[in-house]
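Chain and residue survey
One-letter residues, chain by chain:
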Amino acid sequence: MDKIWSEERIRNVMKELDKKTGLKGAMLPIIFTKSRGTIGYFSVVGGKSNRFAFSDYYYQDPDWPEEMAIEMIKHEYAHYMDYETYGKAGHGPTWKICCGKLGIAPLRLYSENGANYYINKHKLNEAKSEKLDRYDSGVCIEHPKYGKGVIKEIVGAGAKRLAKVEFAEAVEKLLSLSWIDEKCKTC
Ligand SMILES: [Zn+2]
């Protein structure tokens, strides 16, 4: 499956920022992590800008909004710009100047609240998904309209899984598992 946010796509965002700043952030290595707690970071090694990292946990999630993805790329780029221009790290006044020049809200909390929102959403989805693990083929459910049916197949993954259910007279329906969990009884 193609990556939603490939290295190239992130680089293209940075190229646009380089045009504004005259820097070469888009030339730095980019790595992908699996971190849930850190969406992205910029690192300095031996007094030199080293690389950017972005977490696939967010960047390959179809629900991760594009604006948030771009905002976080700009946030990390502002750290790079701050380091290259002022030799500073952290979310201090010079970093805020860089944010201003890149057109993002220079508030650390803004991004962190945004990030926390999605971290919590992920946790919620995982909890929802775990709840659905008890449904498998062979499980009998009672639908409010079609009556008793048997799950024939589970389709998809995570909280958005679907179930093929066979009801009386060979009526087959494809239903969302979370809907089943909410509206149907097991029997
Ligand atoms: Zn930061």
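What counts, and at which threshold
Residue indices follow the written sequence of each chain, beginning from 1 at its first position. In view of the model being predicted, local features appear only for residues whose pLDDT reaches at least 70, and side-chain atom pairs are presented and counted only at 80 or more, with totals across whole chains, interfaces and linings using the full set of residues. Side-chain metrics in this entry use all non-hydrogen atoms of the structure; hydrogen atoms and water are not considered. Sulfur atoms of two cysteines make up a disulfide when they are within 2.5 Å. For the purposes of this entry, the term helix denotes a DSSP run of H or I that reaches at least four residues, the term strand denotes a run of E that reaches at least two, and both are numbered from the N terminus. Type-normalised accessible area, obtained with a 1.4 Å probe on protein chains alone, sets the label of each residue: buried when under 20%, exposed when over 50%, and partly exposed for intermediate values. Each metal's donors are the N, O and S atoms within 2.8 Å of it, or within 3.2 Å when it is Na, K or Ca, and because water is not part of the set, sites may look incomplete. Geometry is summarised by axes, namely lines fitted to C-alpha atoms with helices restricted to the contacting stretch, and by angles between N-to-C directions that run from 0 to 180 degrees. For classification, angles of less than 35 degrees are called roughly parallel, those exceeding 145 degrees roughly antiparallel, those between 65 and 115 degrees roughly perpendicular, and all remaining angles oblique. The crossing is said to be left-handed when, going from far helix to near helix, the turn is anticlockwise and less than a right angle, and right-handed when the turn is clockwise. Contact criterion: two residues are considered in contact whenever any of their non-hydrogen atoms come within 4.5 Å of each other. Residues are grouped as follows: Ala, Val, Leu, Ile, Met, Phe, Trp, Tyr, Cys and Pro are nonpolar; Asp, Glu, Lys and Arg are charged; all remaining types, including Gly, are polar. The split into domains, and so the bounds of each, comes from an automatic or database assignment of domains. Simply put, the buried area is the total loss of 1.4 Å probe accessible area from both parts when two parts are fitted together. A pairing counts as a salt bridge when a side-chain nitrogen of Lys or Arg comes within 4 Å of a carboxyl oxygen of Asp or Glu. Only when DSSP finds a minimum of two bridges between them are two strands counted as paired.

The final tally for this structure, using the stated rule, is one disulfide. Between the sulfur atoms of Cys140 and its disulfide mate Cys187 the distance is 2.2 Å. Residues Cys140 and Cys187 are joined through a disulfide that is left-handed, its torsion about the S-S bond being -75°. Highlighted residues: Cys140 in strand β4 (residues 140–143) and Cys187 in the segment after β8 (185–186), separated in sequence by 47 residues. Cysteine Cys98 remains unbridged, with the sulfur of Cys99 as its closest cysteine sulfur at 7.1 Å. Judged by its relative accessible area of 1%, Cys98 is buried. Looking at Cys99, the relative accessible area reads 0%, which means it is buried.

This paragraph deals with the coordination of the zinc ion. Around the zinc ion, the protein contributes the donor atoms His75 (NE2), His79 (NE2) and His91 (NE2), at 2.1 Å from the metal centre. When the donor residues of the zinc ion are listed from N- to C-terminus, their spacing reads H-x3-H-x11-H. Residue His75 is found in helix α3 (residues 66–86), and its partner His91 is found in the loop between α3 and α4 (93–102); the two are separated by 16 residues along the sequence. The class of His75 is buried, set by a relative accessible area of 6%. Exposure remark for His91: the relative accessible area of 27% places this residue in the partly exposed category.

Looking now at the packing of α3 against α4. Axis separation between α3 and α4 bottoms out at 8 Å; the angle between their running directions is 120°. Looking at the two axes, α3 sits oblique to α4. In the packing of α3 onto α4, the handedness of the crossing is right-handed. Where α3 abuts α4, its residues Lys74, His75, Tyr77, Ala78, His79, Met81, Asp82 and Tyr86 lie against Thr94, Trp95, Ile97, Cys98, Cys99, Lys101 and Leu102. Tallied by class, residues from the contact of α3 with α4 come to nine nonpolar, three polar and three charged.

The next point concerns the domain arrangement of the protein chain. If you check the domain split of the protein chain, you get domain 1 (7–129) and domain 2 (135–186). Of note, the centres of domain 1 and domain 2, computed from C-alpha atoms alone, are 41 Å apart. Each partner contributes to the interface: domain 1 provides four residues, whereas domain 2 provides four residues. Carbon and sulfur atoms supply 44% of the area that domain 1 and domain 2 bury against each other, a total of about 270 Å² over both sides. When the buried surface of domain 1 facing domain 2 is broken down by residue, Asp63, Lys128 and Ser129 rank first, second and third, together holding 87% of it. The shortest N-O distance in the salt bridge between Asp63 and Lys160 comes to 3.3 Å. Across the side of domain 1 that touches domain 2, the residue classes break down as no nonpolar, two polar and two charged.

Two strands in a sheet stick together by hydrogen bonds in their backbones, pointing the same way (parallel) or opposite ways (antiparallel). If you walk across this open sheet you meet the three strands as β1-β3-β2, and the pairing is mixed. Where the open sheet ends on each side, the last strands, each with one partner, are β1 (30–33) and β2 (40–45). With strand direction ignored, the average angle separating the axes of adjacent strands in the sheet is 30°. Examined bridge by bridge, β2 and strand β3 (residues 48–55) share six bridges and lie antiparallel to one another. Across the sheet, residue Ser43 finds its bridge partner in β3, namely Arg51. Contacts from helix α1 (residues 7–21) reach β1 and β3, with the element oriented near 125° to β1. Relative to β3, α3 is tilted by about 170°, and along the sheet it contacts β2 and β3.

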